[in-house]
Amino acid sequence: MSLGFRVSGRIGKPVAEVFDAVVNPTKLSGYFTTIGGASAPLVAGSGVVWWGKVPVEVDEVKKDSHIVLRWDATDADGKPAYKTRIEMNFEPLDDGGTFVTIAETGWHEDAVGLKKSYLNCEGWSQMLACMKAYVEYGINLRDGYYRSEMKGEPASEDNI
């Protein structure tokens, strides 16, 4: 068994617009990967770089519906040890909005895995809030949110 979590929320825009805010690197960089950006669109079978340094493997992209990513989980020494799986689902709602669910799974069941999963749960929750503000109102909530970003550095577990 491995550790994992799920976060979700409603974005008050149509699913195509919300989905595009994740796969489009310019939009994603406007509210999430703000320092260092996103290197390319999310396309199944490709790799991208977020924040100028974090490799992300794109396993699946089903337009306006589903995205599956993988990225490195680190061990106690901070070295990549294995991959976790991120699954994003986009559900159109009757009111014209979109319900977004993000689940990340695959951490080892140890103290390091638990700590890292909690940090990523915080990060994905914050990403959803920032996406809502950006997509609905054009506001970048992440600007100056973390101490690291006030210094112009991407957030990491050591500098948030």
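Residues numbered from 1 in each chain as written. Predicted model: local features only at pLDDT ≥ 70, side-chain atom pairs only at ≥ 80, totals over all residues. Heavy atoms only, no water.

Novice: Can you help me understand the overall build of the protein chain in this one?
Specialist: Across its full length, the protein chain carries 4 helices and 6 strands. Taken over the C-alpha trace, the protein chain has a radius of gyration of 15 Å; the compact-globule value for 160 residues is 15 Å, and the two agree within 12%. The dimensions of the protein chain, computed from C-alpha atoms along their principal axes, are 45 × 35 × 25 Å. Split into buried and exposed, the 160 residues of the protein chain put 39% on the buried side. Within the structure as shown, the protein chain displays about 8100 Å² of accessible surface, and the carbon and sulfur contribution to it stands at 53%. With 17 positive and 23 negative side-chain charges, the protein chain shows a separation of 2 Å between the mean positions of the two kinds. (Helix = DSSP H or I, 4+ residues; strand = E, 2+ residues; numbered from the N terminus. Rg over C-alpha atoms; globule rule 2.2 N^0.38 Å. Buried < 20%, exposed > 50% of the residue type's maximum accessible area, 1.4 Å probe, protein only. Areas by Shrake-Rupley, 256 points an atom, 1.4 Å probe, with all protein chains shown as cover. Lys, Arg positive; Asp, Glu negative; His and termini not counted. Charge placed at Lys NZ, Arg CZ, Asp CG, Glu CD.)

Novice: Hey, could you run me through the packing of aromatic side chains in this one?
Specialist: Within a pair of aromatic rings, the relevant descriptors are the distance that separates the centres and the angle that separates the planes. Scanning all chains against the criterion turns up 11 aromatic pairs. Ring geometry for F5 versus W107: centroids 5.7 Å apart, planes at 25°, classification stacked. Of the two residues, F5 is situated in strand β1 (residues 3-11) and W107 in strand β6 (residues 98-107); the sequence distance between them amounts to 102 residues. For the pair formed by F5 and W107, the shared burial category is buried. (Phe/Tyr/Trp six-rings, centres within 6.5 Å; stacked < 30°, edge-to-face > 60°.)

Novice: Honestly, the environment of G12 in this entry has me stumped. Any pointers?
Specialist: Within the element layout of this structure, G12 appears in the loop between β1 and α1 (15-23). With 83 residues separating them in the primary sequence, G12 and D95 have C-alpha atoms 8.4 Å apart. If sequence neighbours within four positions are ignored, G12 has contacts with G97, K132 and E136. (Contact = heavy atoms within 4.5 Å.)

Novice: Looking at this model, I keep getting lost on a nonpolar patch on the surface. Mind explaining?
Specialist: A cluster of nonpolar side chains, Y137, I139 and L141, forms an exposed patch at the surface whose accessible area comes to about 320 Å². Topologically, Y137 is positioned in helix α3 (residues 111-137). (Patch = residues over 30% accessible without salt bridge, like charges linked within 9 Å, V, L, I, M, F, W, Y side chains within 5 Å. Salt bridge = Lys/Arg side-chain N within 4 Å of Asp/Glu carboxyl O.)

Novice: Is there a simple way to explain the UniProt feature "domain: Activator of Hsp90 ATPase homologue 1/2-like C-terminal" (unreviewed entry) in the protein chain in this structure?
Specialist: Within this numbering scheme, the UniProt entry marks residues 14-136 as carrying the feature "domain: Activator of Hsp90 ATPase homologue 1/2-like C-terminal" (unreviewed entry). Each end of residues 14-136 is marked by a C-alpha atom, and these two atoms are 10 Å apart; helix forms 32% of the span and strand 37%. (UniProt positions renumbered as here; feature names shortened; annotations may be inferred.)

Novice: What am I meant to see in the nonpolar core here?
Specialist: For soluble globular proteins, nonpolar side chains are generally found buried alongside one another. In this structure, W50, M88, W124, M127 and M131 are the most contacted members of the largest nonpolar core, which totals 36 residues. Among the secondary structure elements, those contributing two or more residues to this core are β1, α1, β2 (47-50), β3 (54-62), β4 (66-74), β5 (80-92), β6 and α3. (Core = buried A, V, L, I, M, F, W, Y, C linked by side-chain atoms within 4.5 Å.)

Novice: Would you mind showing me how to read the side chain of E136 here?
Specialist: Along the polypeptide, E136 turns up in helix α3. For E136, the side chain forms a polar contact with the main-chain nitrogen of G12, separated by 2.4 Å. Among the polar contacts listed, one links the side chain of E136 to the side chain of Y137, at a separation of 3.4 Å. (Polar contact = N/O pair within 3.5 Å; in protein donor to acceptor, adjacent residues only side chain to side chain.)

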